[in-house]
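# What the coordinates show
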Amino acid sequence: MPDEKKLCLSTSGLTKVFGFGRNKTLAVDHVDLNLYEGEVVSLVGESGSGKTTLAKMLLGLINPTEGKVYFQGKKRDISSQRKKQEYWKGIQAIFQDPFSSYNIFHKIDTVLLDCIRMRGGGNLLRAKKVELMTEACCFVNLKFEELTNKYPFELSGGQMQRLMIARIFLLKPKILLADEPTSMIDACSRATILDELMQLRNKTGMTIIFITHDIGLAYYVSDSVYIMERGRFVESGSADEVILRPKEPYTQRLLNDVPKIYEEWDLSTV
Amino acid sequence: MSNTTLEVNELTTKYITRFQEDVYAVDHVSLKVEEGKSLGIAGESGCGKSTLALSLMGYYFPPLHYTSGDIIINGRNISGMDPDEVRKMILGAEIAYIPQAAMNALNPTRKIIHFIEDVIQEHDLYVNKKDIYERARALFENLGLPAEVLQKYPVELSGGMKQRTVIAVSVLLLPKVLIADEPSSALDVTSQKMVIKMLRQLMETGLISSMIFITHELPLLYNVTDDIMVMYAGQIVEKGSAQEAVFDPLHPYSKGLMGSIIVPEKGLRDVKLTAIPGVPPNLKKPPCGCRFAERCKLARLECWSVSVPLRELGGGRAYRCLLSEHELREAYAKEAYQNAR
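Residues numbered from 1 in each chain as written. Chains lettered and ligands numbered in written order. Predicted model: local features only at pLDDT ≥ 70, side-chain atom pairs only at ≥ 80, totals over all residues. Heavy atoms only, no water.

Moving on, we come to the overall build of chain A. The helix and strand tally for chain A stands at 10 helices and 10 strands. Taken against the 2.2 N^0.38 rule, which gives 18 Å for 270 residues, the C-alpha radius of gyration of chain A at 19 Å falls within 12% of a compact globule. Each principal axis of the C-alpha atoms in chain A carries an extent, and together these give about 60 × 45 × 45 Å. Relative to all contacts within chain A whose residues are 6 or more apart in sequence, the contacts with residues 24 or more apart total 68%. Between the mean site of the 36 positive side-chain charges and the mean site of the 34 negative ones, chain A shows a separation of 9 Å. (Helix = DSSP H or I, 4+ residues; strand = E, 2+ residues; numbered from the N terminus. Rg over C-alpha atoms; globule rule 2.2 N^0.38 Å. Contact = heavy atoms within 4.5 Å. Lys, Arg positive; Asp, Glu negative; His and termini not counted. Charge placed at Lys NZ, Arg CZ, Asp CG, Glu CD.)

Let's shift gears to helix α3 (residues 112-123) of chain B. All names here are of chain B. Compared with an ideal rise of 1.5 Å per residue, which puts 12 residues at 16 Å, α3 spans 18 Å between its outermost C-alpha atoms and is within 8% of the ideal. Buried residues of α3: Ile 112, Ile 113, Ile 116, Glu 117 and Ile 120, and no others. The buried residues of α3 occupy one face: seen down the axis, they fall within an arc of 140°. Check the buried side of α3 and you find it contacts α4 (129-142) and α5 (159-170). (Expected span 1.5 Å × (residues − 1). Buried < 20%, exposed > 50% of the residue type's maximum accessible area, 1.4 Å probe, protein only. Arc of directions from axis to C-beta.)

Overall, the coordinates contain 9 aromatic pairs over all chains when judged by the stated rule. Plain terms: the ring middles of Phe 139 of chain A and Phe 169 of chain A are 4.6 Å apart, the flat faces sit at 15° to each other, and that makes the pair stacked. Here Phe 169 of chain A lies in helix α6 (residues 157-171) and Phe 139 of chain A lies in helix α4 (residues 126-139), a separation of 30 residues in the sequence. A relative accessible area of 12% places Phe 139 of chain A in the buried class. Cluster of aromatic residues (ring-pair linked, three or more members): Tyr 232, Tyr 253 and Phe 292 of chain B. (Phe/Tyr/Trp six-rings, centres within 6.5 Å; stacked < 30°, edge-to-face > 60°.)

Residues and elements named next belong to chain A. Tracing the backbone through its elements, the reader meets Thr 212 in strand β8 (residues 207-212). Thr 212 sits in the buried class, given a relative accessible area of 2%. Polar side-chain contacts of Thr 212 include one of 2.9 Å to the backbone nitrogen of Asp 214. Setting aside anything within four residues of it in sequence, one finds Thr 212 in contact with Leu 43, Val 44, Gly 45, Lys 51, Glu 180, Leu 217 and Ala 218. (Polar contact = N/O pair within 3.5 Å; in protein donor to acceptor, adjacent residues only side chain to side chain.)

Here the focus is helix α10 (residues 249-257) of chain A. Along α10 of chain A, the residues classified as buried are Tyr 250, Thr 251, Leu 254, Leu 255 and Asp 257 of chain A. End-on view of α10 of chain A: buried residues confined to an arc of 165°, all on one side of the axis. The inward-facing, buried residues of α10 of chain A abut β3 (40-44), α8 (215-221), β9 (224-229), β10 (232-238) and α9 (239-244) of chain A together with α6 (189-205) of chain B.

This next bit is on the sheet that holds strand β9 (residues 227-232) of chain B. Within a beta sheet, neighbouring strands are joined by backbone hydrogen bonds and run either parallel or antiparallel to one another. Residues and elements named next belong to chain B. In space, the 8 strands of this open sheet follow the order β6-β7-β8-β3-β9-β10-β12-β11, with mixed pairing throughout. Only two strands of the sheet have a single neighbouring strand rather than two, namely β6 (95-98) and β11 (311-314). Sheet twist, expressed as the average angle between the axes of neighbouring strands with direction ignored, equals 20°. The pairing of strand β10 (residues 235-241) with strand β12 (residues 317-319) spans 2 bridges and is antiparallel. Bridge pairing links Lys 239 to Ala 318 in β12. (Pairing = 2+ DSSP bridges. Axes fitted to C-alpha atoms, helices over the stretch in contact; angles between N-to-C directions.)

Opposite charge on two side chains allows them to pair when their charged atoms are near. One pass over the full model with this rule turns up 27 salt bridges over all chains. For Asp 114 of chain A, the salt bridge identified is with Arg 117 of chain A, shortest N-O distance 2.5 Å. Within this pair, Asp 114 of chain A and its partner Arg 117 of chain A are both found in helix α3 (residues 108-118), separated by 3 residues, close to a single helical turn. Between Arg 110 of chain B and Asp 118 of chain B there is a salt bridge, and its shortest N-O distance comes to 3.0 Å. What you see here is one network of salt bridges that share partners, running through Glu 238, Glu 244, Asp 248, Arg 317, Glu 325 and Arg 329 of chain B. (Salt bridge = Lys/Arg side-chain N within 4 Å of Asp/Glu carboxyl O.)

The next subject is the nonpolar core. Core analysis: the largest hydrophobic core is formed by 71 residues, its most contacted members being Ile 116, Leu 178, Leu 199, Leu 202, Met 211, Phe 213 and Tyr 253 of chain B. Leaving out residues up to four positions away in the same chain, Ile 116 of chain B has contacts with Ile 132, Ala 136, Phe 140, Leu 150, Val 169 and Leu 172 of chain B. Residues Tyr 102, Leu 142, Ile 168 and Phe 169 of chain A belong to the second largest nonpolar core, which totals 58 residues. (Core = buried A, V, L, I, M, F, W, Y, C linked by side-chain atoms within 4.5 Å.)

Residue-level contacts link 38 residues of chain B with 41 residues of chain A. Between chain B and chain A, roughly 3600 Å² of surface is buried when both sides are summed, and carbon and sulfur atoms account for 63% of that area. Considering only the side of chain B, the residues that lose the most area to chain A are Lys 193, Pro 264 and Arg 269 of chain B, jointly responsible for 22% of the buried surface there. At the surface where chain B touches chain A, the tally comes to 2 salt bridges. Here chain B is connected to chain A by 6 residue pairs in polar contact (both at pLDDT 80 or more). Within the residue set of the side of chain B that touches chain A, elements represented by two or more residues are α6, α7 (218-224), α8 (242-247) and α9 (252-258) of chain B. At 8 residues, α6 of chain B tops the list of elements feeding residues into the side of chain B that touches chain A. (Buried area = accessible area lost by both parts, 1.4 Å probe.)

On to unusual backbone geometry. Cis peptide bonds are those with omega within 30 degrees of zero, and the linkage from Pro 62 of chain B to Pro 63 of chain B qualifies with 5°. Mapped onto the fold, Pro 63 of chain B is located in the loop between α1 (49-56) and β4 (64-73). Phi is positive for Gln 72 of chain A, which is not a glycine, with a value near 50°. Of note, Gln 72 of chain A is situated in the loop between β4 (66-71) and β5 (74-75). Judged by its relative accessible area of 35%, Gln 72 of chain A falls in the partly exposed class. The backbone of Glu 182 of chain B sits at a positive phi, close to 45°, despite the residue not being glycine. Structurally, Glu 182 of chain B is set in the loop between β7 (177-181) and α6. On the basis of relative accessibility, which here comes to 7%, the residue Glu 182 of chain B falls in the buried class.

This part takes up a nonpolar patch on the surface. Taken together, Ile 104, Phe 105 and Phe 153 of chain A make up a surface patch of nonpolar side chains, about 380 Å² in accessible area. With respect to the helices and strands, the residue Phe 153 of chain A is situated in the loop between α5 (144-147) and α6. (Patch = residues over 30% accessible without salt bridge, like charges linked within 9 Å, V, L, I, M, F, W, Y side chains within 5 Å. Areas by Shrake-Rupley, 256 points an atom, 1.4 Å probe, with all protein chains shown as cover.)

A separate point is the pairing of strand β2 (residues 22-34) of chain B. Residue and element names in this part refer to chain B. Relative to β2, strand β1 (residues 4-16) runs antiparallel, the two sharing 9 bridges. Within the sheet, the bridge partner assigned to Glu 7 lies in β2 and is Lys 32. Connecting the antiparallel pair β1 and β2 is a turn made up of 5 residues, with Gln 20 showing a positive phi of about 60°.

Moving on, we get to the packing of α3 of chain B against α4 of chain B. All names here are of chain B. Orientation of α3 relative to α4, taken along the N-to-C sense of each, is 110°, at an axis distance of 10 Å. Here α3 is positioned roughly perpendicular relative to α4, judged by the angle of their axes. Residues Ile 113, Ile 116, Glu 117, Ile 120 and Gln 121 of α3 lie in contact with α4, whose contacting residues are Lys 129, Ile 132, Tyr 133, Arg 135, Ala 136 and Phe 140. Its residues placed into classes, the contact of α3 with α4 shows 7 nonpolar, 1 polar and 3 charged. (Parallel < 35°, antiparallel > 145°, perpendicular 65-115°, else oblique. Nonpolar A, V, L, I, M, F, W, Y, C, P; charged D, E, K, R; others polar.)

Given below as structure tokens:
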């Protein structure tokens, strides 16, 4: 039912240039991206290909040099702080480094209460708030009773990242931007985090943009994959199409660079 | 019989915390690495992989303390040796170590060649600088690194290049054993491949005779090493060849680890990744029974109370579980059948 899909976020000719004159760097180069509701999309590329810059522009953290972003059919307006906060109700992010994602002076309760307030639940009864927070923690297999009155740095990296997912669960944004959410976490907790993200998608129907350099991860989670090279999309399509039958040499190289277990890993290509 | 370059018998080391509590991070670990072979150590964070690597070098500084066991490198027992002596005689020359963030080891204010001069002069004072330069250049070219790197400052190099430079420096004194502790975890996939290629090259050209590779990425271990050892809460829970450990794990923990492998190959999307619930036990008060019992699906009543020995199966295969090989296989087959339905 492709015609029933609703466009959630789209960009046209999005460009970011850092520096000027001789030091000019084209980080993102005229990117057209169309995201539909409930879709999981991966942006894959090696370091320096502009994935994170694109993500920051989508979030409104940096201003694009050129191009437009459309959010739910309308042109995005983030000209004031208040409008930005309104926009961030619809789009949220999980970053690579869980250790630097939290305010170290705020307890975990505050982190979660902030989310409830942002959703307009500031006037709820305390008991109701606790119920909401417990539900969110339950969703990511954390125990709220153990977390209350603790600071985020008392948790392990995997737990912090799961708490981040609990935040997203409370906020229920339309779009979630996950910027390498598992690259600093060891392989055993990675499966848990990915599963929780997928559950979140199934439950709330949000769109997830997954940014990673690990093409295997992208293949596991996403419906469609965009391959980025030097700020441009070189290949895009459904995950099966791009990963199992890559056309571009760049995609083939990325695939070759990942260690495999069923096929021979060719080391002669670097 | 092939020569054993590194042999470790029942090594136990501990951390002593501020409150004088003992934390046994490496608990009766025995291993053997033969000449020309590489050993991989897998396990989640906090299971004692890196502590084992530090302990193997025999270079103890508080809060890490040596408790018991032997470390034999090339027929020489280095356990209990004076740390200063270890540093002069063993480190670099017999056993070299690449830490996790090796690239941060480079001094930002000095050129790479000065770093190399320091390393060589520390072990051999009367070498002139020209000889050192020639030696470094030959090694770098041998390993496929451009010789210009020697005259550069660390900030001029990319992350992958820095990592490879540090690896090249670590083998300058031709050590027998190289311990690589997550050498590629901070790098992207392309640089990671270059680092792995270089490590393989070192083994093939005979610059080092054995390697111990520590990581939590199983596909990587499978491609690099001959044998794999899985650690959990300071103990070895499974030993075997790479093939056996990845495709036919016996211990429930290694089974769980193997279930979390992600590779971009056909069929990945059909399998559901299995995550191991719970967290590892606190090593300040390790459980008296099996350390994995709390998270194990197959745990029985006696698992909580009886301490579990490492069962040797012959051919280098061993696992630490009360259940027999037959019982474990039966349980896994049943699980696979239920998942298929």
